[in-house]
Amino acid sequence: MKPVAAKLNLRNQQRVDVATDITIEKPDGCCLTCSVSNLSRTGVMISCDQETVKQLMPEQKAPAPGNWISVKTRFAVPVVATQPVSIIADGNIVHMRRIARDEFQLGIQFAEFEGNGFDYVDRYVAKLLADSRNPA
């Protein structure tokens, strides 16, 4: 029996609830604005309506492993209270779930960040996790 390579389990990444806008850019350059539901170091969950899902995923079916949909994401995180920084990250839509008649959640797994994007996301998530454990 061949040993099976351990699969990276991204579900164990701690997520934080975040309410901000995110711009999703398709490979053809078309940009759509959605809302962030939660954020982790490895990905983002967004909320959108059915029309947006149709534009991002014409078949409106959850992507099969390996057949992910490439997108570029742009959103801001407040690294310093007075200075939000823009995060630009390439990623893949790896998950889709219908929440209500016209509300969907899409999971985007980050593949590559521009500049210091990963460090900013890492710091922001760590700060929100620390704040949730030590409420003022």
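Residues numbered from 1 in each chain as written. Predicted model: local features only at pLDDT ≥ 70, side-chain atom pairs only at ≥ 80, totals over all residues. Heavy atoms only, no water.

Side note on the packing of aromatic side chains
Applying the stated rule across the entire model yields three aromatic pairs. Taking the centre distance of 6.1 Å and the plane angle of 15 degrees together, the rings of Phe75 and Phe110 count as stacked. Of the two residues, Phe75 sits in strand S5 (residues 69–80) while Phe110 sits in strand S7 (residues 103–113), which places them 35 residues apart along the sequence. Each member of the pair, Phe75 as well as Phe110, is classed as buried. Three or more aromatic residues link up through ring pairs in this structure, and these residues are Phe75, Phe110, Phe113 and Phe118. (Phe/Tyr/Trp six-rings, centres within 6.5 Å; stacked < 30°, edge-to-face > 60°. Helix = DSSP H or I, 4+ residues; strand = E, 2+ residues; numbered from the N terminus. Buried < 20%, exposed > 50% of the residue type's maximum accessible area, 1.4 Å probe, protein only.)

Details of the confidence of the model for the chain
In this model, the chain carries an average pLDDT of 88, and 90% of its residues clear a pLDDT of 70 or more. A low-confidence stretch, residues 1–10 (pLDDT under 50), is modelled with three contacts involving residues beyond four sequence positions or located in other chains. (pLDDT = per-residue confidence, 0-100. Contact = heavy atoms within 4.5 Å.)

Overview of the pairing of strand S3 (residues 31–39)
Across two bridges, the pairing between strand S1 (residues 16–17) and S3 is antiparallel. Bridge pairing in S3 links Val16 to Leu39. Here strand S2 (residues 21–25) pairs with S3 via five bridges, running antiparallel. Paired with Ile22 across the bridge in S3 is Cys34. Connecting S2 to the next strand, S3, in antiparallel fashion are five residues, including Gly29 with a positive phi near 95 degrees. Bridge count between S3 and strand S4 (residues 43–48): four bridges; the pairing is antiparallel. Opposite Asn38, over in S4, you have Met45 as the bridge partner. Connecting S3 to the antiparallel partner S4 that follows it, the hairpin turn spans three residues. (Pairing = 2+ DSSP bridges.)

Digging into a negative patch on the surface
Taken together, the side chains of Asp49, Glu51, Asp102 and Glu103 define an acidic patch exposed on the protein surface. Tracing the backbone shows Asp49 in the loop between S4 and helix H1 (50–56). (Patch = residues over 30% accessible without salt bridge, like charges linked within 9 Å, V, L, I, M, F, W, Y side chains within 5 Å. Areas by Shrake-Rupley, 256 points an atom, 1.4 Å probe, with all protein chains shown as cover. Salt bridge = Lys/Arg side-chain N within 4 Å of Asp/Glu carboxyl O. Lys, Arg positive; Asp, Glu negative; His and termini not counted. Charge placed at Lys NZ, Arg CZ, Asp CG, Glu CD.)

Focus: helix H2 (residues 117–133)
In this model H2 runs 24 Å from its N-terminal to its C-terminal C-alpha over 17 residues, within 8% of the 24 Å that 1.5 Å per residue would give. On its buried side, H2 packs onto S1, S3, S5, strand S6 (83–100) and S7. (Expected span 1.5 Å × (residues − 1).)

Some points on the nonpolar core
Leu39 and Leu106 are the most contacted members of the largest nonpolar core, which totals 31 residues. Broken down by secondary-structure element, the contributors of at least two residues to this core are S2, S3, S4, H1, S5, S6, S7 and H2. Among residues more than four places away in sequence, those in contact with Leu39 are Gln14, Arg15, Val16, Val18, Val44, Phe75, Val77, Phe110, Val121, Tyr124 and Val125. (Core = buried A, V, L, I, M, F, W, Y, C linked by side-chain atoms within 4.5 Å.)

A word on the environment of Gln105
Topologically, Gln105 is positioned in strand S7. Overall, the relative accessible area of 14% leaves Gln105 in the buried class. For the pair Gln105 and Ser47, spaced 58 residues apart in sequence, the C-alpha separation works out to 4.6 Å. Of note is the side chain of Gln105, whose polar atom sits 2.6 Å from the side chain of Arg97. (Polar contact = N/O pair within 3.5 Å; in protein donor to acceptor, adjacent residues only side chain to side chain.)

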